[in-house]
Amino acid sequence: MASDEYRLFWQRLRQGQPCSGRFPRRGHQGRHYWIQASYTPLIGNDGRVSRIVKYAHDVTQSVETEQKVLRQGELLDIMLSAQDGFLLDHNLAGACDKLFSRLLGVTESEFGFIGIVQGSGEQACLYLPSISNLSWNEATREWYERQSRSRSGLIFNNLNNLFGHVVTHNTTVCTNHLPSHPASRGFPPGHPQLHSFLGIPVTYGGRAIGMIALANRQQGYDASVIQQLEPLVATLGTLIHARTLEDERNRMESDLRFSASHDFLTQLPNRSLFFEQASALFAGPRRRQAGRHCLALLDIDHFKRINDEHGHLVGDAVLKGLAKVLLDTLREQDLVARIGGEEFAVLLHDVALDNARNTLERLRLVVADHPFVCESLTLHLTISAGVTPYRPTLASVDDWLQEADHLLYGAKHKGRNRVESQA
């Protein structure tokens, strides 16, 4: 009974008003129980309350049953809310957030989090989309806020502790004296005191894929709390598994799209993607932006000799090495593609021809000075290039490439290791 209610209770009795109802009590060893009681003031000859007659009986079981039903109803509502939130926007973090604060209230817990296992084995970690604020000083508060902003949650990489024990051993941890648990590692100085803890693994197919952690329930945690949370834990397992399947499907689709549009060896855009992006310059208003873009075609001088003398594995290593040099040297907005064999196309955006030629010259010098290492073999090589500006009179990307190819042939004819540009 709260202090204000307690004062009001005695005030009414002193005024001769009877009181009845259910009242919480604490017995031996801190045990909580409930009584149904009636208090009847008896008035003496002086008109004042002389004594109070109390009739009471223990109704703890009835109250706990009623509270259990209420909590089950709230947990069911929480589950439905989480499911609806996930099905509506497929956002697992948002679904967890919708149920988290209410979960703390239903379980009468002060702290807690919902964690999702990411990775496996020694690389496993816990991603926490929902957590109560455990920051206990300025440094941890900044860390907490920074992680929340950058990752939409926290990442716990260290699982060698009480929290991690739940998922690494796929077991429920229920303790009302944390130091006595074998997995407890203590807490940093100043950490909020946790006097009770409940960690339940969220599983799917018998494997731990996440966990619910709750702490500091005043009366501690026991089997009844675990049993009440079972339906919610099962629902979370289904939601996390569904999210994992969707993420895996999206990753596979992304990988397939990447493979279809990129060269397997160098990971650069392939001929198809190059033509798709370059063709955009020939449509609509962009066609009128003459002189703003340049196309370069380059290849490796005497590449056949490298393959013949050192084998195709060395040739492949050279192609991969050159792709990296191109990406490191050119701007991020420039499109670099492998369009066949040892030929690479470079679409330089928003540059005049003089600047484009200077860029290709710089690239040529970088390549000539770069050691290409394959195991114990070190090679030096050169490139030749042809570069030509975009013009509205060009009919297609093929015509543009033909001009660049003609200039590349001229560079080869004049001795290689040079850049030829449109006059």
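Heads up: these notes are all about the structure in this document. (Residues numbered from 1 in each chain as written. Predicted model: local features only at pLDDT ≥ 70, side-chain atom pairs only at ≥ 80, totals over all residues. Heavy atoms only, no water.)

1. Thoughts on the overall build of the chain
Looking only at helices and strands, the chain has 11 helices and 16 strands in total. Looking at the chain as a whole, 43% of its 423 residues are labelled buried. Taking contacts inside the chain between residues at least 6 apart in sequence as the whole, the part at least 24 apart equals 58%. For the chain, the exposed surface amounts to about 23800 Å²; the carbon and sulfur share of it is 50%. (Helix = DSSP H or I, 4+ residues; strand = E, 2+ residues; numbered from the N terminus. Buried < 20%, exposed > 50% of the residue type's maximum accessible area, 1.4 Å probe, protein only. Contact = heavy atoms within 4.5 Å. Areas by Shrake-Rupley, 256 points an atom, 1.4 Å probe, with all protein chains shown as cover.)

2. Digging into the nonpolar core
Ranked by internal contacts, the top residues of the largest apolar core, which has 33 residues, are Leu298 and Leu348. For this core, the elements supplying multiple residues, two or more each, are β10 (293-300), α8 (303-310), α9 (312-329), β12 (343-349), α10 (353-369), β13 (372-374) and β15 (383-389). Residue contributions to this core peak at seven residues, all from α9. Dropping the residues within four chain positions of it, Leu348 is found in contact with Arg292, His293, Cys294, Ala296, Leu330, Arg331, Asp334, Ala356, Thr359 and Leu360. Residues Cys96, Ile114, Leu214 and Val233 belong to the second largest nonpolar core, which totals 23 residues. (Core = buried A, V, L, I, M, F, W, Y, C linked by side-chain atoms within 4.5 Å.)

3. Side note on the pattern of salt bridges
This structure, assessed with the given rule, holds 15 salt bridges. A salt bridge links Lys412 to Asp299; its shortest N-O distance comes to 2.5 Å. Taken together, the positions of Lys412 in helix α11 (residues 397-413) and Asp299 in strand β10 put the pair 113 residues apart, joining distant regions of the chain. Asp299 gets classed as buried once you look at its relative accessible area, which sits at 8%. (Salt bridge = Lys/Arg side-chain N within 4 Å of Asp/Glu carboxyl O.)

4. So, the side chain of Asn216
With respect to the secondary-structure elements, Asn216 resides in the loop between β9 (207-215) and α6 (223-261). You can call Asn216 buried: its relative accessible area is 6%. Reaching out from Asn216, the side chain makes a polar contact with the side chain of Glu110 at a distance of 2.9 Å. Each residue touching Asn216, except ones within four places of it in the same chain, is listed here: Glu108, Ser109, Glu110, Phe111, Gln193, Leu194, His195, Ser196 and Tyr221. (Polar contact = N/O pair within 3.5 Å; in protein donor to acceptor, adjacent residues only side chain to side chain.)

5. A word on the sheet that holds strand β11 (residues 335-340)
Strand order in the open sheet formed by five strands is β11-β12-β10-β15-β16, and the pairing between neighbours is mixed. The outermost strands of the open sheet, each flanked by one partner alone, are β11 and β16 (419-421). Within this sheet the neighbouring strands show an average axis-to-axis angle of 20°, counted without direction. Bridge count for β15 against β16 is three bridges, and the pairing is parallel. Looking at β16, one finds that Ala385 is bridged to Val419. Where α10 meets the sheet, its contacts fall on β10, β12, β15 and β16, and the angle it forms with β15 comes to roughly 170°. Contacts from α11 reach β10, β11, β12, β15 and β16, with the element oriented near 140° to β15. (Pairing = 2+ DSSP bridges. Axes fitted to C-alpha atoms, helices over the stretch in contact; angles between N-to-C directions.)

6. Let's talk about the sheet that holds strand β6 (residues 154-156)
In spatial order, the strands read β6-β5-β4-β9-β8-β7; together these six strands make up an open sheet with antiparallel pairing. A strand with exactly one partner marks an edge of an open sheet, and here the two such strands are β6 and β7 (173-175). Sheet twist, expressed as the average angle between the axes of neighbouring strands with direction ignored, equals 25°. Against the sheet, α6 makes contact with β4 (111-118), β7, β8 (197-204) and β9, and its axis sits at roughly 40° relative to β8, the strand it touches most.

7. Notes on the pairing of strand β3 (residues 49-58)
Across nine bridges, the pairing between strand β2 (residues 32-43) and β3 is antiparallel. Each bridged residue has a counterpart across the sheet, and for Ser38 the counterpart in β3 is Tyr55. From the end of β2 to the start of β3, which pair antiparallel, there are five residues, and Gly47 there has a positive phi angle of about 80°.

8. Observations concerning α8
Listed as buried for α8 are Phe303, Ile306 and Asn307. The buried residues of α8 occupy an angular sector of 95° when the element is viewed end-on, so they sit on one face. In α8, the exposed residues that point more than 90 degrees away from the buried face are Lys304, Asp308 and Glu309. Taken together, the buried residues of α8 touch β10, α9 and β14 (377-379). Directly beyond the C-terminal end of α8, a positive phi value near 95° is found at Gly311. (Arc of directions from axis to C-beta.)

9. Thoughts on the packing of aromatic side chains
Taken as a whole and judged by the stated rule, the model has 11 aromatic pairs. Each ring, one from Phe163 and one from Phe197, has its centre 5.5 Å from the other, and the planes form 50°; the classification is tilted. Here the residue Phe163 occupies a position in helix α5 (residues 162-168), and Phe197 occupies one in strand β8, the gap between them amounting to 34 residues. The exposure classification of Phe163 matches that of Phe197, with both residues buried. Geometrically, the ring pair formed by Tyr390 and Trp400 is edge-to-face, given 5.4 Å between the ring centres and 65° between the ring planes. Within this pair, whereas Tyr390 is found in the loop between β15 and α11, its partner Trp400 is found in helix α11, the two being separated by 10 residues in sequence. Note on Tyr390: relative accessible area 1%, which makes it buried. (Phe/Tyr/Trp six-rings, centres within 6.5 Å; stacked < 30°, edge-to-face > 60°.)

10. Observations regarding the packing of helix α7 (residues 271-279) against α11
At a closest axis distance of 10 Å, the pairing of α7 and α11 adopts a crossing angle of 110°. For the element pair α7 / α11, the angle class is roughly perpendicular. Across the interface between the two elements, Phe274, Phe275, Ala278 and Ser279 of α7 pack against Val397, Asp398 and Leu401 of α11. The residue inventory of the contact of α7 with α11, partitioned by class, reads five nonpolar, one polar and one charged. (Parallel < 35°, antiparallel > 145°, perpendicular 65-115°, else oblique. Nonpolar A, V, L, I, M, F, W, Y, C, P; charged D, E, K, R; others polar.)

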